[in-house]
Amino acid sequence: MAGRITELLTPALSADGAVLVDATLGRAGHARSFLQARPHLTLIGIDADPQAIEAARGLQDDYPGRVILARTFYDQITTVVADAGYDRIQAVLFDLGVSSPQLDDPSRGFAYAQDAPLDMRMDTGAARTAADVVNGYPVAELTRVLRDYGEERFARRIAEAVARERAREPVTSTSRLAGIVRDAIPAPARRAGGNPAKRTFQALRIEVNDELGRLRRALPAALDLLAPGGRFAALAYHSLEDRLVKRELAARTTDATPRRLPVRTSRTEFRLLTRGAERPDSDELKQNPRAASARLRAAERHQADDDAGGR
């Protein structure tokens, strides 16, 4: 949905000196597009993955003096922006979840389709891996992770099966874990809904990287950084992320004036730019099937001179 993201954020980036924070830089596709389109734009790119930061070094060569890179998670956005010398930004983008390069690199352990070490760290220098979670969490805690982060209805069965297998030998590979999950799920359920390990792998990735905790902290911080007229966009790929984005935007765009009062006594901070969550169209899905679950939401901070009832 690159075109739609560009359309939503560009109006906030027209002035000289505008700052865009790409909070999930990845391989910098969005970032490069904005830098090309806006010759006076400064980009702050954030990513915890050292490979992503290294791949983005070329941006600094191509756009000298306009690109600042920070290797960290996006919940550090306030510190990153301050360290770059800014207290306000004009736009921020979150393209959430795991990136295609991470999925396609077998050594990272994100994908169940290829055998690899059970890793799943976005920051490859972090201490905890997916193997640590799978082999170290008690059954009750592992059940919670699979249920809450993977929305897996057979979470308990899978956790118990993992516990039996790890008692024989530690579970250290993606293919072995995928096989354990497949065998733990009833046969009728295995025949529907794609690979039966999908939800388990999602849950472990979220746990290893504290993705939802970081997103809960990052969203209000990012919105608070926006200058009047600044714009926010978030692209989420599963319901848990999208729910957090939806909830934060609802809190910022809902008028708190009691219904019984004839005039508004409070003002909203932001207005929504999207009606609900926008989804990719059929043409994009043909080109990029991985976008099928994408949900895009965006909002704009009110101008400083809006009145109390402004929208």
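Here, the structure is the one placed above.
Residues numbered from 1 in each chain as written. Predicted model: local features only at pLDDT ≥ 70, side-chain atom pairs only at ≥ 80, totals over all residues. Heavy atoms only, no water.

Draft legend 1. Quick peek at unusual backbone geometry. One non-glycine residue, Ala-28, adopts positive backbone phi at about 65°. With respect to the helices, strands and loops of the structure, Ala-28 is situated in the loop between strand E1 (19–22) and helix H2 (29–37). Residue Ala-28 is classed as buried on the basis of its relative accessible area of 5%. In this model, Met-120 sits at a positive phi of 75°, which is unusual for a non-glycine residue. Residue position: Met-120 is located in the loop between helix H6 (100–104) and helix H7 (130–136). (Helix = DSSP H or I, 4+ residues; strand = E, 2+ residues; numbered from the N terminus. Buried < 20%, exposed > 50% of the residue type's maximum accessible area, 1.4 Å probe, protein only.)

Draft legend 2. How the structure looks around the sheet that holds strand E3 (residues 67–71). If you trace the seven strands from one edge of the open sheet to the other, you get E3-E2-E1-E4-E5-E7-E6, paired in mixed fashion. The strands lining the two open edges of the sheet, one partner per strand, are E3 and strand E6 (270–272). In this sheet, neighbouring strand axes are inclined to one another by 15° on average, regardless of whether the strands run parallel or antiparallel. As judged from the six bridges shared by strand E5 (residues 226–236) and strand E7 (residues 295–301), these two strands associate in the antiparallel manner. Paired with Phe-232 across the bridge in E7 is Ala-299. Sitting on the sheet, helix H1 (residues 2–9) touches E1, strand E4 (89–95), E5 and E7, and the angle it makes with E5 is about 165°. (Pairing = 2+ DSSP bridges. Axes fitted to C-alpha atoms, helices over the stretch in contact; angles between N-to-C directions. Contact = heavy atoms within 4.5 Å.)

Draft legend 3. A look at the side chain of His-302. Within the secondary structure, His-302 sits in the segment after E7. Engagement of the side chain of His-302 in a polar contact is seen with the side chain of Thr-268, the distance being 2.9 Å. Polar side-chain contacts of His-302 include one of 3.5 Å to the backbone oxygen of Phe-270. (Polar contact = N/O pair within 3.5 Å; in protein donor to acceptor, adjacent residues only side chain to side chain.)

Draft legend 4. Region of interest: the pairing of E7. Among the seven residues in E7, six count as buried, and that is most of the element. Two strands pair when backbone bridges link them, and E6 and E7 are joined in this way by three bridges, in the antiparallel orientation. In the sheet register, Phe-270 faces E7, and the bridge partner there is Arg-301.

Draft legend 5. Structural view of the environment of Val-80. Residue placement: Val-80 occurs in helix H5 (residues 77–83). You can call Val-80 buried: its relative accessible area is 10%. The sequence separation of Val-80 and Leu-249 amounts to 169 residues, and the corresponding C-alpha distance is 22 Å. What Val-80 contacts, discounting residues up to four positions off in sequence, is Ile-44, Ile-46, Ala-70 and Thr-72.

Draft legend 6. Examining the packing of aromatic side chains more closely. Inspection of the entire model under this criterion finds three aromatic pairs. Geometrically, the ring pair formed by Tyr-74 and Phe-94 is edge-to-face, given 5.4 Å between the ring centres and 75° between the ring planes. With a gap of 20 residues between them, Tyr-74 in the loop between E3 and H5 and Phe-94 in strand E4 connect regions that are remote in the sequence. Judged by its relative accessible area of 11%, Tyr-74 is buried. Consider the rings of Tyr-112 and Phe-201, whose centres lie 5.5 Å apart with planes at 85°: the pair is edge-to-face. Pair noted here: Tyr-112 is in the loop between H6 and H7 and Phe-201 is in helix H12 (residues 198–209), with a separation of 89 residues, a long-range link. (Phe/Tyr/Trp six-rings, centres within 6.5 Å; stacked < 30°, edge-to-face > 60°.)

Draft legend 7. Quick look at H12. Here H12 spans 17 Å end to end across twelve residues, near enough to the 16 Å set by a 1.5 Å rise per residue. For H12, the tally of buried residues reaches ten of twelve residues, placing the bulk of the element in the interior. Taken together, the buried positions of H12 are Thr-200, Phe-201, Gln-202, Ala-203, Leu-204, Arg-205, Ile-206, Glu-207, Val-208 and Asn-209. (Expected span 1.5 Å × (residues − 1).)

Draft legend 8. Fine view of the pattern of salt bridges. Counted according to the given criterion, the structure contains 28 salt bridges. The salt bridge involving Glu-151 is made with Arg-243; its shortest N-O contact spans 3.6 Å. With Glu-151 in the loop between helix H8 (139–150) and helix H9 (155–168) and Arg-243 in helix H14 (residues 239–253), this residue pair connects regions lying 92 residues apart in the sequence. Given a relative accessible area of 41%, Glu-151 falls into the partly exposed group. (Salt bridge = Lys/Arg side-chain N within 4 Å of Asp/Glu carboxyl O.)

Draft legend 9. Molecular detail of the side chain of Arg-301. Position of Arg-301 among the secondary structure elements: in strand E7. Among the polar contacts listed, one links the side chain of Arg-301 to the backbone oxygen of Leu-226, at a separation of 3.0 Å. Setting aside its immediate chain neighbours within four residues, Arg-301 contacts Leu-223, Asp-224, Leu-226, Ala-227, Pro-228, Gly-229, Gly-230, Glu-269 and Phe-270.

Draft legend 10. Structural context of the nonpolar core. One finds Ile-77, Val-92, Phe-94, Leu-177 and Phe-232 to be the most contacted residues of the largest nonpolar core, which totals 67 residues. Those residues in contact with Ile-77, other than ones at most four positions away along the chain, are Val-21, Ile-46, Val-92, Ala-218, Ala-221, Ala-222 and Leu-225. Phe-34, Tyr-63, Ala-91 and Ala-298 belong to the second largest nonpolar core, which has 28 residues in total. (Core = buried A, V, L, I, M, F, W, Y, C linked by side-chain atoms within 4.5 Å.)

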